[in-house]
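The residues making up each chain are set out below.
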Amino acid sequence: MSFFDEVYKVVKLIPKGKVTTYGEIALRLRSGPDGSRINISPRTVGWALHANTDPKTPCHRVVNKDGKLAANFAFDGEREQKRRLLAEGVGFIGERVNLVKHIWMP
DNA sequence: AAAGTGACGCATT
DNA sequence: TAATGCGCCACTT
């Protein structure tokens, strides 16, 4: 059970048609079950997702705070990611996700 | 054990 | 709004 697995677990909880940010995930993991972790950096969350190649993890529902998609290393490229989000009903404003309407609030 | 690395975030400019 | 600089934490050599 590594830190990565917990990140993936949270990502899998994101309902269809919703998105969340790296920062939000970091906050959610701030108080781990074992209490071993105190602070998590959003950077670390993104890094965890980068390492993940599991198709069951909806990484495309995770965007940065500006609603922008991962520039360099999206799973299938930015365009594909955007397309998938649109297919789920996630609204876009230009090239950015409409976070105001689609941010996932557990 | 120490240094390098990265799907980010925030305050400034 | 976009571009810069700095902090951040877990993981891999």
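Residues numbered from 1 in each chain as written. Chains lettered and ligands numbered in written order. Predicted model: local features only at pLDDT ≥ 70, side-chain atom pairs only at ≥ 80, totals over all residues. Heavy atoms only, no water.

Topic: helix H3 (residues 42-51)
Along H3, the positions that sit buried rather than exposed are Val45, Ala48 and Leu49. Burial along H3 is one-sided: seen end-on, the buried residues are contained in an arc of 95°. What points out from H3, more than 90 degrees from its buried face, is the exposed set Arg43 and Trp47. Packing partners of the buried residues in H3 comprise helix H1 (3-13), helix H2 (22-28) and strand S2 (62-63). (Buried < 20%, exposed > 50% of the residue type's maximum accessible area, 1.4 Å probe, protein only. Helix = DSSP H or I, 4+ residues; strand = E, 2+ residues; numbered from the N terminus. Arc of directions from axis to C-beta. Contact = heavy atoms within 4.5 Å.)

Comments concerning the layout of surface pockets
As a volume, the second largest pocket reaches approximately 160 Å³. Ranked by residues supplied to the lining of the second largest pocket, first place goes to H3 with five residues. For the lining of the second largest pocket, a count of residues per class yields three nonpolar, two polar and one charged. (1 Å grid on protein atoms, 1.4 Å probe; cavity = no way out; pocket = protein on both sides within 12 Å on 5 of 7 lines; lining within 4 Å. Points joined across faces, edges and corners; volume = space filled by probe spheres on them. Nonpolar A, V, L, I, M, F, W, Y, C, P; charged D, E, K, R; others polar.)

So, the packing of aromatic side chains
Considering all chains together, one arrives at three aromatic pairs under this definition. A ring pair is formed by Phe4 and Tyr8, whose centres lie 6.2 Å apart and whose planes are at 55°; its orientation type is tilted. Highlighted residues: Phe4 and Tyr8, both in helix H1, separated by four residues, approximately one helical turn. The exposure class assigned to Tyr8 is buried, which follows from its relative accessible area of 11%. (Phe/Tyr/Trp six-rings, centres within 6.5 Å; stacked < 30°, edge-to-face > 60°.)

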